[in-house]
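Understanding the architecture of this molecule
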Amino acid sequence: MLKNLTILILVLVAAAANLNAQKTDDKPADERAIRANIEQMMKGWNAKSGAEFAKPFAEDADYVVINGMQLKGRPVIEKSHQNIFDTVYKNTSLSMAVDSIRFLRPDVAVVHVSGALKLTEGDATLNNAKITMVMTKNGDRWEIAAFQNTPVQNADQKKK
């Protein structure tokens, strides 16, 4: 009886260790999903679709735009972006590159992204930004819970 109990405990410990190993193995898949969210935002911007741009955001996301204004919730993010796509940013394109992904927990990551907003005609850069996002895993879906957009001064602006 004691021998059977010892074997059972060893099997349970091995199974628990295997489960933890499987969780760590998901990190590359999680990084791909996070990068896909960045790609989705960029595609949404370049298609001038507020709905497509806002897809990666959590329903209750916090979004601080480049001028410091704060938006709350995916519906507001979608509507406000559609408004700027139809007006002031109508002739722009956005490029984004992931600089780093840091997992605070298996279901929470801080993501830093470099962004460049350009005019579609003439390819002049309007501004560069450093974006900080907090992403959370909700089931098997990564969502943007918080977004902070900070302008980056270019060399010409620093000289003034």
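Further up the page is the structure itself.
If you're wondering where the values come from, they're calculated on a predicted model, not measured in any experiment.

Moving on, we come to the environment of Lys137. Here Lys137 lies in strand E5 (residues 125-138). According to the relative accessible area criterion, Lys137 is partly exposed, its value standing at 25%. Ignoring anything within four residues of it in the chain, the contact list for Lys137 reads Asp30, Pro106, Asp107 and Trp142. Side-chain polar atoms of Lys137 contact the side chain of Asp30, separated by 2.8 Å.

In a regular helix each residue adds 1.5 Å, so 13 residues correspond to 18 Å; helix H4 (residues 74-86) covers 18 Å between its end C-alpha atoms and thus fits that length. All of the buried residues along H4 are Ile77, His81 and Phe85. An end-on view of H4 places all buried positions within 65° of arc, on one side of the element. Residues of H4 that are buried sit in contact with helix H2 (27-46), helix H3 (50-54), strand E1 (57-64) and strand E2 (70-72).

At Lys48, a residue that is not glycine, the phi angle is positive and equals roughly 60°. Among the residues examined, Lys48 registers a relative accessible area of 19% and is labelled buried.

A separate point is the side chain of Asn149. Secondary-structure assignment places Asn149 in strand E6 (residues 141-152). According to the relative accessible area criterion, Asn149 is buried, its value standing at 13%. If we skip the residues at most four places from it in the chain, Asn149 touches Val64, Val65, Ile66, Ala129, Lys130 and Ile131.

As a further point, take the pattern of salt bridges. If charged atoms from side chains of opposite charge come close, those side chains can pair. The tally for this structure, following the rule as stated, stands at seven salt bridges. Where Arg74 meets Glu59, a salt bridge forms, and the shortest distance between an N and an O atom there is 2.9 Å. Of this pair, Arg74 sits in helix H4 while Glu59 sits in strand E1, and the two are 15 residues apart along the sequence. Classification of Arg74 as partly exposed rests on a relative accessible area of 21%.

Moving on, we get to the packing of aromatic side chains. Evaluated as defined, the whole model comprises nine aromatic pairs. Each ring, one from Phe53 and one from Phe85, has its centre 6.1 Å from the other, and the planes form 80°; the classification is edge-to-face. Note that Phe53 is positioned in helix H3 and Phe85 in helix H4, a separation of 32 residues in sequence. In this structure Phe53 comes out as buried when scored by relative accessible area, which is 1%. Here Phe57 and Tyr63 contribute two aromatic rings whose centre-to-centre distance is 5.5 Å and whose plane-to-plane angle is 40°, an arrangement assigned as tilted. Taking relative accessible area as the criterion, Phe57 reaches 0% and is therefore assigned buried. Connected via pairs of aromatic rings, a cluster forms that spans Trp45, Phe53, Phe57, Tyr63, Phe85, Tyr89 and Phe147.

Rules behind the numbers
- Residues numbered from 1 in each chain as written.
- Predicted model: local features only at pLDDT ≥ 70, side-chain atom pairs only at ≥ 80, totals over all residues.
- Heavy atoms only, no water.
- Helix = DSSP H or I, 4+ residues; strand = E, 2+ residues; numbered from the N terminus.
- Buried < 20%, exposed > 50% of the residue type's maximum accessible area, 1.4 Å probe, protein only.
- Contact = heavy atoms within 4.5 Å.
- Polar contact = N/O pair within 3.5 Å; in protein donor to acceptor, adjacent residues only side chain to side chain.
- Expected span 1.5 Å × (residues − 1).
- Arc of directions from axis to C-beta.
- Salt bridge = Lys/Arg side-chain N within 4 Å of Asp/Glu carboxyl O.
- Phe/Tyr/Trp six-rings, centres within 6.5 Å; stacked < 30°, edge-to-face > 60°.

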